[in-house]
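# Results of the structural survey
Below are the chains, spelled out letter by letter.
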Amino acid sequence: MRFNRTLPVVGLLLAGSLTATACGSSVAGGGSDSNTVTIGIMTPLNGPAASSFGQKTVDAAKARIDLANAEHEIPGVTLKLVSEDEGSSPQTSLAALQRLSEKDHADIVLAAGAFFFGSYRYAVQKRIPVVGDCIDGPECADPKNTNIFATFGSSDNNFPNYTGIPAFFKKQGGARYCGIGYDSPSTVSNGKAMAGSVKAAGVPVPYTDFTLKPGQANFSAIALSIKNAGCDVVGTQMQVGDSLALFAALKNAGVTLKASFVQGGYGQELMDSAASVAAAQGIDIAAGYTPSSLKTPGVERMMNALKTYAKWTKPYPSASHEWGWFTADTAITGLKAAAAAKDVSGEGFVKALRKVTSDDHGGLTCPVNYATFGDTQQQFPGNCTYMVKVVGKKFVSLTGKDAIGIKAIAGTKNG
C-alpha cells in the first residue's frame, strides 16, 4: 500500500503492493478471487518493555486476523500478518516501522507498543495507515496526523477533570483520596486529573506524590504519609508491581481502604503469580474492556479465538493480549468500512475509518469515535472503564455488566 493521491482506483487497487486480480474481481463485490492485505504489527519482543507486550501481543493480533479470515469478514480478502520487533526505544521503533514498510510491504501497521512517538513522523511522511494503542505520546491526538488511529479513542492531551470514577469511590464508602505516581509527563497528568476530579466531586485530597521512579520508591514511608493523611481511597499511576508493593506497605501500616484504583493490572499475569495474588486481595483494578468473567457474547468470541488460534486456555486474557487483539480488530473494522465503500486503497481505508463514529470492538468496549481527535480520557478506552476486585484467584466485577462512564468537566486542564 504505497500512497499516490493521483492514482485512480479501479475495482480493487491497493497502491503498490496489492492490485486487482487479472479477472478484475472486486473485494467489495465479493468476487471469487482472493486478494491479500498485509497487516504488519510492531511491538517490543526484546528489551525492558517486552514484559508488557511480547509474543502474546503478536499472538492475539494473529488470532483476531485468523478469526476474520475464517469467518470471511471481508469478502474476497485474505488478511496476512507480519511482525517486527519494536524493541524498547524510539530508535528501534523507527527501524521496525521502516522494515514493515520497506521490507515486509505492510499495507496497514499496528503500533502495539510504547515507542511509536519515535517513529510516527515516518508514518505521516509516507502516509502509512497506522492503528495504535497510543499510550506513549500526543501523536494520536494531532488532527494533522489523519492516517493515525487510536484504537481506544484519541486522547485529550489537556487531561481535564472528569466525572464517573469519583462517584465509584463514594459508592464504595471512600471519603479521602491520596494519589501516587511516577514523574513521567503522562502519569503526572493522569494522576493530577484523577486528583482534580475527586476534588471536584467534594472529596478531600490531602496527599499526592507524583515524583516516584519505577522500582525505586520507599513505599513504607509513602504508606506512613497516606496513613497520616487519613486516606481511605488510593489511586496509583505505576507499574502493577510497584502498585502492589504500595498496597502491601499500606496493609503493614494498618491502613484500611474503602476503594482503590490500579491501572493495567487486569490480566492472567497477575493470577499466575502467587505473590501477586496474595498482595492484590481486595484491591480494585481498572479493566478497560469487558471482564472475561461476565461471559458476554463479545468476551466469549474473543476467548474462543484466543483458544483456537493462540492455544490460550487460561481463564483470563494476558494483559499483553489486549494490545494485539484490539489494534487488529480496529484495522479489520476499517477494512470492512473501506470494502463497503468500494475503495480499499490506502487512502480509502483512512477515509472509511475516519467515518466510523461508534466502534465497540465487538461489544468489548464503550463506543469509540474515529472521526474526532482529542475526545477521550487517556486511561479510559471509549471514555469508560470497568472496575474489578481481586477475590481469591478471580477478578470479580464491581460494576456488573455496565461500565463506568467518564465525562470530561469543561474548562479544566491538568496536562
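Residues numbered from 1 in each chain as written. Predicted model: local features only at pLDDT ≥ 70, side-chain atom pairs only at ≥ 80, totals over all residues. Heavy atoms only, no water.

### Section: helix 6 (residues 219–229)
Because the α-helix completes a turn every 3.6 residues, residues three or four places apart line up on one side. Spelled out, the test is: Three exposure classes are used, based on accessible area relative to the maximum for each residue type with a 1.4 Å probe and protein chains only: buried under 20%, partly exposed in between, and exposed over 50%. Numbering goes from the N terminus for both helices and strands, where a helix is a DSSP run of H or I of at least four residues and a strand is a run of E of at least two. This arc is built from the directions going out from the helix axis to the C-beta atoms. N or O atoms within 3.5 Å of each other form a polar contact, as long as, within protein, one can give a hydrogen and the other can take it, and as long as residues adjacent in sequence are counted only when both atoms are side-chain atoms.
Within the span of helix 6, buried status applies to Phe219, Ile222, Ala223, Ile226 and Ala229. Buried positions in helix 6, seen along its axis, are confined to an arc of 120° and lie on one side of it. Helix 6 presents Ser220 and Asn228 as exposed residues on the side facing more than 90 degrees away from its buried surface. Its side-chain oxygen placed 3.2 Å from the backbone nitrogen of serine 220, asparagine 218 serves as the N-cap of helix 6. In the segment just after helix 6, glycine 230 is the residue with positive phi, at about 75°.

### Focus on the packing of helix 11 (residues 319–340) against helix 12 (residues 346–353)
For clarity, the threshold we go by: The axes used here are C-alpha line fits, helices contributing only the stretch in contact, and every angle between their N-to-C directions lies in the interval 0 to 180 degrees. Should an angle fall under 35 degrees it is taken as roughly parallel, and over 145 as roughly antiparallel, whereas 65 to 115 is taken as roughly perpendicular and any remaining angle as oblique. Two residues form a contact once any of their heavy atoms are found within 4.5 Å. Gly counts as polar in this scheme, as do all residues outside two lists: the nonpolar Ala, Val, Leu, Ile, Met, Phe, Trp, Tyr, Cys and Pro, and the charged Asp, Glu, Lys and Arg.
Closest axis-to-axis distance for the helix 11/helix 12 pair is 8 Å, and the angle between their directions is 100°. In terms of their interaxial angle, helix 11 and helix 12 are classed as roughly perpendicular. Each of Thr330, Ala331, Thr333, Gly334, Leu335, Ala337 and Ala338 in helix 11 lies in contact with helix 12, whose residues at this interface are Gly348, Phe349, Ala352 and Leu353. Residue composition of the contact of helix 11 with helix 12, grouped by class: 7 nonpolar, 4 polar and no charged.

### Examining the packing of helix 1 (residues 55–70) against helix 11
Quick note on the threshold: Each crossing gets its handedness from the near helix: less than a right angle anticlockwise from the far helix is left-handed, clockwise is right-handed.
At a minimum axis distance of 6 Å, the contact between helix 1 and helix 11 shows a crossing angle of 35°. In the packing of helix 1 onto helix 11, the handedness of the crossing is right-handed. Where helix 1 abuts helix 11, its residues Lys56, Thr57, Ala60, Ala61, Ala63, Arg64, Ile65, Leu67 and Ala68 lie against Ser320, His321, Trp323, Gly324, Trp325, Ala328, Asp329 and Ile332.

### As for the pattern of salt bridges
In plain terms, the rule: Definition used for salt bridges: Asp or Glu carboxyl oxygen within 4 Å of a side-chain nitrogen of Lys or Arg.
Across all of its chains, the model carries 14 salt bridges by this definition. Of the charged contacts, one joins arginine 127 and glutamate 347 as a salt bridge, the two residues approaching to 3.2 Å between their closest N and O atoms. Residue arginine 127 is found in the loop between helix 3 (120–126) and strand 4 (130–132), and its partner glutamate 347 is found in helix 12; the two are separated by 220 residues along the sequence. Residue glutamate 347 is classed as partly exposed on the basis of its relative accessible area, which comes to 22%. Here aspartate 183 makes a salt bridge to lysine 213, at a shortest N to O gap of 2.6 Å. Linking aspartate 183 in the loop between strand 7 (177–182) and helix 5 (185–200) with lysine 213 in the loop between strand 8 (207–212) and helix 6, this pair joins segments that are 30 residues apart in sequence. The class for lysine 213 is partly exposed, based on a relative accessible area of 40%. Among the charged side chains, a salt-bridge network with shared partners connects Arg64, Glu71, Glu73, Arg301, Asp329 and Lys336.

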